[in-house]
Amino acid sequence: MMPVVLDSGALVAVDRNGTRHLARLKEAEKRVDRLVTHPFVVAQVWRKGTQAQLARFLKSVDVRDIDERLGRQCGELIGKAGTSDPIDAAVVLHAEDGDRILTSDSRDIERLADARGRKVRIVPV
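The structure presented is a predicted model; accordingly, all values stated were derived computationally and were not measured. (Residues numbered from 1 in each chain as written. Predicted model: local features only at pLDDT ≥ 70, side-chain atom pairs only at ≥ 80, totals over all residues. Heavy atoms only, no water.)

1. Side note on the overall build of the protein chain
Logical step 1: Counting its regular elements, the protein chain contains seven helices and five strands.
Logical step 2: The linear arrangement of helices and strands in the protein chain, starting from the amino end, is β-α-α-β-α-α-β-α-α-β-α-β.
Logical step 3: Taking all 125 residues of the protein chain together, the buried fraction comes to 44%.
Logical step 4: Across the protein chain, the fraction of contacts at a sequence separation of at least 24, relative to all contacts at a separation of at least 6, is 65%.
Logical step 5: Total accessible area computed for the protein chain in this model is approximately 6800 Å², and 48% of it derives from carbon and sulfur atoms. (Helix = DSSP H or I, 4+ residues; strand = E, 2+ residues; numbered from the N terminus. Buried < 20%, exposed > 50% of the residue type's maximum accessible area, 1.4 Å probe, protein only. Contact = heavy atoms within 4.5 Å. Areas by Shrake-Rupley, 256 points an atom, 1.4 Å probe, with all protein chains shown as cover.)

This is how it looks when you write it as structure tokens:
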């Protein structure tokens, strides 16, 4: 089983209680080794301390750190891909070949994955 890497669109679906998307994520949670994201994806959707459903869901997500080295890699990747969002670049950098990325920005994630040489499955949310 492979990890599922989440971008902000996946977390927005959880926060808004989008029934179809939440069901998909809960099912993925049962079938994968882990759900993965990074703290700036969380920052894109976290707006108030009362997001109980999102807070509960995040307990089951491996929120990985971003350090200077990864920050530099993000900059290099967006330069190579011709995109502009380092948060999306970090999502792709946290993915390995064979992983799935749940995203609301399939086009940019695909460009970044191609530029990185990653063979990932992009799943729109």
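2. Brief notes about the packing of helix 5 (residues 68–81) against helix 6 (residues 86–93)
Logical step 1: At a closest axis distance of 9 Å, the pairing of helix 5 and helix 6 adopts a crossing angle of 105°. Of the possible angle classes, the one that applies to helix 5 and helix 6 is roughly perpendicular. The residues of helix 6 that touch helix 5, namely those facing L70, Q73, C74, L77 and I78, are P86, A89, A90, V92 and L93.
Logical step 2: Grouping the amino acids of the contact of helix 5 with helix 6 by side-chain chemistry returns nine nonpolar, one polar and no charged. (Axes fitted to C-alpha atoms, helices over the stretch in contact; angles between N-to-C directions. Parallel < 35°, antiparallel > 145°, perpendicular 65-115°, else oblique. Nonpolar A, V, L, I, M, F, W, Y, C, P; charged D, E, K, R; others polar.)

3. Comments concerning helix 7 (residues 106–116)
Logical step 1: Regarding helix 7, the residues found buried are D108, I109, L112, A113 and A115. Each buried residue of helix 7 lies within a common arc of 160° when the element is viewed along its axis, so the set occupies one face. The exposed residues of helix 7 that point more than 90 degrees off its buried face are R107 and D114.
Logical step 2: Where helix 7 is buried, its residues contact helix 5, helix 6, strand 4 (100–103) and strand 5 (121–124).
Logical step 3: In the stretch just after helix 7, G117 is the one whose phi turns positive, near 80°. (Arc of directions from axis to C-beta.)

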